[in-house]
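# A closer look at the structure
The residues making up each chain are set out below.
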Amino acid sequence: ARLGSMHDHSSPINAALLIVRPEMDIYWEGVQLLARGNTSFNVTHGWDLLGRPRAVVPAADRAWEFRRLRAKGYDAVLNRALPQFLDFDLWSFVGADLDQ
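So, here's what we can say about the structure.

Parameters and conventions
Residues numbered from 1 in each chain as written. Predicted model: local features only at pLDDT ≥ 70, side-chain atom pairs only at ≥ 80, totals over all residues. Heavy atoms only, no water. Helix = DSSP H or I, 4+ residues; strand = E, 2+ residues; numbered from the N terminus. Polar contact = N/O pair within 3.5 Å; in protein donor to acceptor, adjacent residues only side chain to side chain. Contact = heavy atoms within 4.5 Å. Patch = residues over 30% accessible without salt bridge, like charges linked within 9 Å, V, L, I, M, F, W, Y side chains within 5 Å. Areas by Shrake-Rupley, 256 points an atom, 1.4 Å probe, with all protein chains shown as cover. Salt bridge = Lys/Arg side-chain N within 4 Å of Asp/Glu carboxyl O. Buried < 20%, exposed > 50% of the residue type's maximum accessible area, 1.4 Å probe, protein only.

## Some details on the side chain of Asp89
Mapped onto the secondary structure, Asp89 falls in the segment after helix H5 (85-88). Within the structure, the side chain of Asp89 is placed 3.1 Å from the side chain of Arg52, a separation counted as a polar contact. One polar contact links the side chain of Asp89 to the main-chain amide nitrogen of Arg54, over a distance of 2.8 Å. When sequence neighbours within four positions are dropped, the list of residues in contact with Asp89 reads Arg52, Pro53 and Arg54.

Structure, rendered in structure tokens:
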């Protein structure tokens, strides 16, 4: 089984517990990632020093669309808070250190 999701606040897991039986190649890739030991987090480069949000968030991610809507002033019309981590180019949103 594979689980595909966006790498932002809308992730279907949201730092919760999910029990799955992964394909072995995916499982071993995860084990190797954990074994590397470079699992530190900071607000500028995220987990494993992946990089700043604007450099690593895929162009298809909805966060870019939300950023465009906020720039046009639509966040007030939508009556909801839109993610701002791309505006600040930091992984400093609530829960960022749990599931990037």
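## Brief notes about a nonpolar patch on the surface
A surface patch of nonpolar side chains, about 350 Å² in accessible area, is lined by Met24, Tyr27 and Trp28. Looking at the element boundaries, Met24 is found in helix H1 (residues 24-36).

## Some thoughts on unusual backbone geometry
Non-glycine residue Asp89 carries a positive phi angle of around 55°. Take Asp89: its relative accessible area is 12%, and that puts it in the buried class.

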